[in-house]
Every structure is written in structure tokens, then in C-alpha cells.
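Coordinates in review
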Amino acid sequence: MKIAIIGSGYVGLVTGACFAEVGHEVICIDNDQLKIDALRSGKIPIYEPGLDQLVQRNVSAHRLSFTGSIEEGVDNSEVIFIAVPTPPQVDGNVDLTYVERVAREIASVLKEYRVIVDKSTVPVKTGEKVADTIRRYNRVDVEFDVVSNPEFLREGSAVADLMRPDRIVIGSNSERALAIMKRVYEPFPAPIMVTDINSVELIKHAANSFLALKISYINALSAICEASGADVEKVANGIGADKRIGRSFLNAGLGYGGSCFPKDLAAFISISEQIGVPFPLLREVQRINQYQRERFLNRLRDTLWVLKEKRIAVWGLTFKPDTDDVRSSVAVDLVNDLVREGARVTAYDPKGNQRVRELNLCPGVHLADSALEAVRDAQTLVLATEWPDFAAIDLTEVFRRMHTPIVFDGRNLFDPQTMRDLGFQYYPIGRPSTKANNNNSPIALLASTLKTVQSTPRRQRRNEVSQGSR
């Protein structure tokens, strides 16, 4: 099928590349000519595992192209997806300026029947307003249908999420439009759920709010675990084994962030209040999420006493691993909290350094070129994003480079017993903190080895060294 996608940001680009991969002919449209030129030359503006190869392969196969012209896309496509930003406003409402503008632009060039699809995350009733806008501004009275088809992509695994989705949800009041949408998704191995447009527009906000609730629940539970000496990981495993609950999103940490959860939660609260049915539970979810970072900072203060002029290394700046997205990142907020208290912060992120530098999100912070560079002479290490790179690092070398081996693990990435045996003073989330086992620390092990070598007769030592060299 011939498909146009208006908006070549995170959702639009991933969706377009995946549609092209299954054989559709896709035109991605954006009003940023520099972005269009970059995409045409093979430069991908975001980091998402597998996306660059997907784009390059389908551009080469002439199934994926890029343009700045909405008219070109509308004229040459059967289905028009709207995937433009829907940023939050100060009061929590969603700014629908871009959606409304695109609806007007589509109306001005619409000449024959098309299916218009809201792909952006939008409040309930948006589909009706998009349809009203197109009718108002289309001067030739063309027939069309508006459909809602929210995305459920997770940054870091978006390509896999779209190619192998849990479900495909379509909101449509038209059998004609529904038949076309089923053809769009025919190549994808997933059940298709069909609802009215209003219901489908609530599904995305309701889903993200529920996932945020699970995160805040386990974070609130982590405080109880710390106070009682319990281990939140064991508790999460126990309750997550219940099929009615599930283990996913029960990982205690610094709280949720990113471009979706904070925005969608605030929008759902605002929507519920506007229709006269307040949702106070979601406000408590927000409060717990904010408090989790404050509680983590309090533990830092309690341990280090004074943060001013302390040399603190921070690993992680993106809101989650496998992305370069630093929007609404808890890690960035935490770094700025430390700087405000006078700490000397050196931070490192495998993909987020450049974004933080471009956006000037952490003024006064030194951005290191590697994780090991960041911890040199550090008095404390804070792990803020659970990148696999950090899990695979040589912790003995980390211990050697640090001034004082104190680690605050905001994502429970490391094993407490291992950290203890290596000689670290280790503070995880919702798990008992561990003092260094000095008998097993790298320094203690080195001293023990030297003592053994020094007490061994010289001739025996020579023989052992000679055998080892062979």
C-alpha cells in the first residue's frame, strides 16, 4: 500500500521504516528541511537499535522516501498518518497545535478519499476535532475518514515492538476505513482490536498511566523494604510471579521519566478533571515518583554529610538504556540537584552525552569520554541509568580509580554481595546496604598476595614464576 507519515520524529520515523520493511511504499514528511536532507543522505537523527539499518535498507529498495511537501504525500498515498509532537503544557494539558495545523494542511490539499490516522498520543475527542477541522478547511467537500491508531513503542526496543506487537488497536467508525487499516497491518503478526475512536484514544493514556502506577508502587514499597531490612528484588519476584500481576515494571529505582509517562500521566489527570471525573490516584503516582528522587538524595546526604565540593561520578544521563533520549530524564534532574548543592559532578552516558551537550541540560557538569574516566578520584559513584555497558565493566578497576569506594546504585544493577566482596560501600534501592568486606577487597587481596609471596622461599618463588611464564 501507499502510505504517508506526517512527522519524522521518533514515532513517525520508526513507523515509516517498519511499514516499508513489510513491503509498503512509504513517504515520510517533515517541515524541517535540514532533517529531510539528513535522512536522504542516510543520517538518522535519533539513536534506536536497528533503526539506521532499517532506514538505509528500505531507502535503497525505494520503499521509503522523504519529503517536505504534505501535498506530495497526500496526493500519492491511500493512508495518511499524523505523527507530530503533542507536547505538554504547564497545566498538564496536551498542546495540540501541531495536530490542528496538520489537519488544516491536509484539508487544503485533499482532492479524493483518504484515511487520516491519528498516530500521535492525543486526548479523547481529538479524532472528532481533526475530522471537524478537515471538513471546515477542505473547499471541495471530499469524502474522508479519520481513524485513531495509537503507538505502543518503547524507546530502545521500538523496532521490535512495531514488527512484533502485542496488539494493534484501531478506533474507527467506518467499515471502509477499517478495511483499509486491516490491509495496512496484514503483514504484522498480532491480534487487531477494533473499537470506537473515543475508546481507543483513552487506551494509550490509560495504559501508560497504569505502567507508571506499577513503577511508583514498587518504589513506594522499596522505602518499606529499606526500613524493614527486606529486599525489594525478592519481594518483586514474589509478587511478580502471580500471573495477575506480572514481573514487568516492578523494578525499583529512581522513578520513571522520558517523553511519554510524565506527559501522558499529566494529560490523563487533566482529561479526567475536564470531564468532571477527577483521578486522584494518578496524582499520588506523580507524588511518589517525585519523592523517590528526593529520598535518594537524602540517602546521599546522610552518607556523605556534605555534598558541597564532593567529587561525584554519575553513570547515565538518558532516561533509560538503549536510547539517546534525555527528555524528562530523572538522571539529568538528579545531576542538576547535585550541582545545585555544590557537588563537582563528572557524568558519562554511552549515547546521551552529545544530547546533553547540545541542549545544555547540565551546566557546570564535566562530561567524561568513558565510564572509567568519570570515576577517576571520585568520592562517590551514582548509577542513574542501567546501561548494559555498566554491568559489564571491570569493577576492580573502578575500585582502583576511585578516591573512596562508595556506590549509590539507583537502578539495582549490581549484586550487593559482589560489591561487598570487592570492597565497595554499596547503597542500592530497597535492598540492605552493604559495608565493604575488607578481607575480600581488591586492596586486601593484593596485600594478602604480597604477604604470601614474601613468606615463600626465594627458590620456590623462582620456580613458580618460571612455571607460570611457560
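Structure shown above.
These remarks concern the structure in this document. From a predicted model like this one, the values you see are computed outputs, not experimental measurements. (Residues numbered from 1 in each chain as written. Predicted model: local features only at pLDDT ≥ 70, side-chain atom pairs only at ≥ 80, totals over all residues. Heavy atoms only, no water.)

Looking only at helices and strands, one finds 20 helices and 14 strands in the protein chain. Once the C-alpha set of the protein chain is aligned to its principal axes, its extents read approximately 100 × 55 × 45 Å. Counting across all 470 residues of the protein chain, residues that qualify as buried make up 52%. A separation of at least 24 residues holds for 71% of the contacts in the protein chain among residues at least 6 apart in sequence. Accessible surface, the protein chain: about 22300 Å² in total, of which carbon and sulfur atoms supply 51%. (Helix = DSSP H or I, 4+ residues; strand = E, 2+ residues; numbered from the N terminus. Buried < 20%, exposed > 50% of the residue type's maximum accessible area, 1.4 Å probe, protein only. Contact = heavy atoms within 4.5 Å. Areas by Shrake-Rupley, 256 points an atom, 1.4 Å probe, with all protein chains shown as cover.)

For the rest of this paragraph, the subject is the packing of helix α9 (residues 197-228) against helix α11 (residues 261-274). At a minimum axis distance of 9 Å, the contact between α9 and α11 shows a crossing angle of 115 degrees. Judged by the sense of rotation from one axis to the other, the crossing of α9 with α11 is left-handed. Mapping the contact onto sequence places Leu202, Lys204, His205, Ala206, Asn208, Ser209, Leu211, Ala212 and Ile215 in α9 and Phe261, Asp264, Leu265, Ala267, Phe268 and Ile271 in α11. By residue class, the composition of the contact of α9 with α11 is 10 nonpolar, three polar and two charged. (Axes fitted to C-alpha atoms, helices over the stretch in contact; angles between N-to-C directions. Left-handed = near helix turned anticlockwise from the far one by under 90°. Nonpolar A, V, L, I, M, F, W, Y, C, P; charged D, E, K, R; others polar.)

Tallying each qualifying case throughout the model produces 31 salt bridges. For the salt bridge of Glu128 with Lys125, the shortest nitrogen-to-oxygen distance reads 3.7 Å. Residues Asp324 and Arg355 are paired through a salt bridge, measuring 3.1 Å at the closest nitrogen-oxygen approach. Taken together, the residues span a long stretch of sequence, with Asp324 in the loop between β9 (311-315) and α13 (330-340) and Arg355 in helix α14 (residues 353-359) at a distance of 31 residues. Judged by its relative accessible area of 11%, Asp324 is buried. (Salt bridge = Lys/Arg side-chain N within 4 Å of Asp/Glu carboxyl O.)

Turning our attention to the environment of Val159. Here Val159 shows up in helix α7 (residues 158-163). Considered as a pair, Val159 and Ala17 are 142 residues apart in the sequence and their alpha carbons are 8.7 Å apart. Look past the residues within four positions of Val159 in its chain and what remains in contact with it is Val14, Cys18, Glu48, Pro49, Gly50, Leu51 and Leu54.

On to the environment of Leu281. Summarising the element assignment, Leu281 is placed in helix α12 (residues 280-304). A residue is classified by how much of its surface remains accessible, and Leu281, at 45% relative accessible area, is partly exposed. Along the sequence, Leu281 and Ile269 sit 12 residues apart, while their C-alpha atoms lie 9.3 Å from each other.

A word on helix α10 (residues 232-240). Among the residues making up α10, those that are buried are Val232, Glu233, Ala236 and Gly240. End-on, the buried residues of α10 take up no more than an arc of 100 degrees, which puts them together on one face. Summarising the geometry of α10, the exposed residues directed more than 90 degrees from the buried face are Lys234 and Gly238. Of the surrounding elements, those touching the buried residues of α10 are α9. (Arc of directions from axis to C-beta.)

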